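Read off the chains here:
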Amino acid sequence: MAIFSEVKKVDESEQEVRYSFSNGIDAERFLILDKINEKLHPEDGIENVVYRAVARKIATAWIREGKAPERLTVNS
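So, here's what we can say about the structure. The shown structure was predicted, so the numbers you read here are calculated from the model rather than taken from an experiment.

1. Observations concerning the pairing of strand β3 (residues 29-34)
Consecutive side chains of a regular strand alternate in pointing toward one face of the sheet and then the other.
Logical step 1: Counted residue by residue, β3 has five buried out of six residues, so it is predominantly covered.
Logical step 2: Inspection of the sheet shows strand β2 (residues 16-22) paired to β3 by six bridges, in the antiparallel sense. Looking across to β3, one finds that V17 is bridged to L33.
Logical step 3: Taking the residues that link successive antiparallel strands as the turn, the β2-β3 hairpin has six residues, and the phi of G24 there is positive, at about 85 degrees.

Pasting the structure below:
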């Protein structure tokens, strides 16, 4: 199964970052990066393959760069 998703930062506060993501087929979804606890969760509660790929990419960038990325592309 191929995965492609464009990820964009929607909003950021001192506590969290909200991202939108879509695979181009399904509706736009959102996930939250909790900066305090360094955890991610989907707003809609659905942890499918696309969500996990997007979350992994955001988490890797967060750890590597020490800041929330503005935009990402997930290709798998």
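2. Some thoughts on the sheet that holds strand β4 (residues 39-42)
Logical step 1: One open sheet holds the five strands; their spatial order is β4-β3-β2-β1-β5, and the pairing between them is antiparallel. The open sheet terminates on both sides in strands that have one partner only, identified here as β4 and β5 (71-75). Neighbour to neighbour, the strand axes of the sheet diverge by 25 degrees on average, direction disregarded.
Logical step 2: Where strand β1 (residues 4-12) and β5 come together, five bridges link them in antiparallel fashion. Within the sheet, the bridge partner assigned to E6 lies in β5 and is T73.
Logical step 3: On the sheet, helix α1 (residues 49-65) packs against β1, β2, β3, β4 and β5 and is oriented at approximately 35 degrees with respect to β3.

3. Some thoughts on the environment of K9
Logical step 1: If you trace the backbone, K9 turns up in strand β1.
Logical step 2: Between the alpha carbons of K9 and F30 there is a distance of 9.7 Å; along the sequence they are 21 residues apart.
Logical step 3: Beyond its immediate stretch of four places on either side in the chain, K9 contacts V17, R18, Y19, A68, P69 and E70.
Logical step 4: Within the local environment of K9, its side chain forms a polar contact with the side chain of E12, the two groups lying 2.6 Å apart.
Logical step 5: There is a polar contact of 3.3 Å between the side chain of K9 and the backbone oxygen of A68.

4. Describing empty space enclosed by the protein
Logical step 1: Scanning the model with the defined rule gives one cavity of 30 Å³ or more in all.
Logical step 2: Lining the largest cavity are F21, S22, N23, D26, A27, R29, N48 and V50.
Logical step 3: Among the residues forming the lining of the largest cavity, the class breakdown is three nonpolar, three polar and two charged.

5. Some points on the side chain of S5
Logical step 1: Assignment of secondary structure puts S5 in strand β1.
Logical step 2: According to the relative accessible area criterion, S5 is buried, its value standing at 0%.
Logical step 3: Among the polar contacts listed, one links the side chain of S5 to the backbone oxygen of S22, at a separation of 2.8 Å.
Logical step 4: Residues contacting S5, with those up to four places away along its chain left out, are F21, S22, N23, V50, V54, L72, T73 and V74.

Basis of the calculations
In this numbering scheme, every chain counts its residues from 1 along its sequence in written order. A pLDDT threshold of at least 70 governs which residues receive local features in this predicted model, and a stricter bar of 80 or more applies before side-chain atom pairs are shown or counted, although totals over entire chains, interfaces and linings include all residues. Side-chain numbers come from the whole structure's heavy atoms, not from hydrogens or water. Relative accessible area decides the class of each residue, using a 1.4 Å probe on protein chains only: under 20% of the type maximum gives buried, over 50% gives exposed, and in between gives partly exposed. Helix and strand definitions here come from DSSP, where helices need a minimum of 4 consecutive H or I residues and strands a minimum of 2 consecutive E residues; each element is numbered from the N-terminal end. Think of it this way: DSSP has to see at least two bridges between two strands before they count as a pair. As a rule, the C-alpha atoms of each element are fitted with a line to give its axis, helices using only the stretch in contact, and angles between N-to-C directions run from 0 to 180 degrees. Only heavy atoms enter the contact rule, under which two residues are in contact if any of them lie within 4.5 Å. Side-chain atoms alone can form a polar contact between residues adjacent in sequence; in general such a contact is a pair of N or O atoms within 3.5 Å, and within protein one must be able to donate a hydrogen while the other accepts it. Lining residues are those with an atom within 4 Å of a point, where the points come from a 1 Å grid over the protein atoms alone and group into cavities, where a 1.4 Å probe fits but cannot get out, or pockets, open sets with protein on both sides within 12 Å along at least five of seven lines. Grid points are joined across faces, edges and corners, and a volume is the space filled by probe spheres set on the points. Three classes are used: nonpolar for Ala, Val, Leu, Ile, Met, Phe, Trp, Tyr, Cys and Pro, charged for Asp, Glu, Lys and Arg, and polar for all others, with Gly counted as polar.

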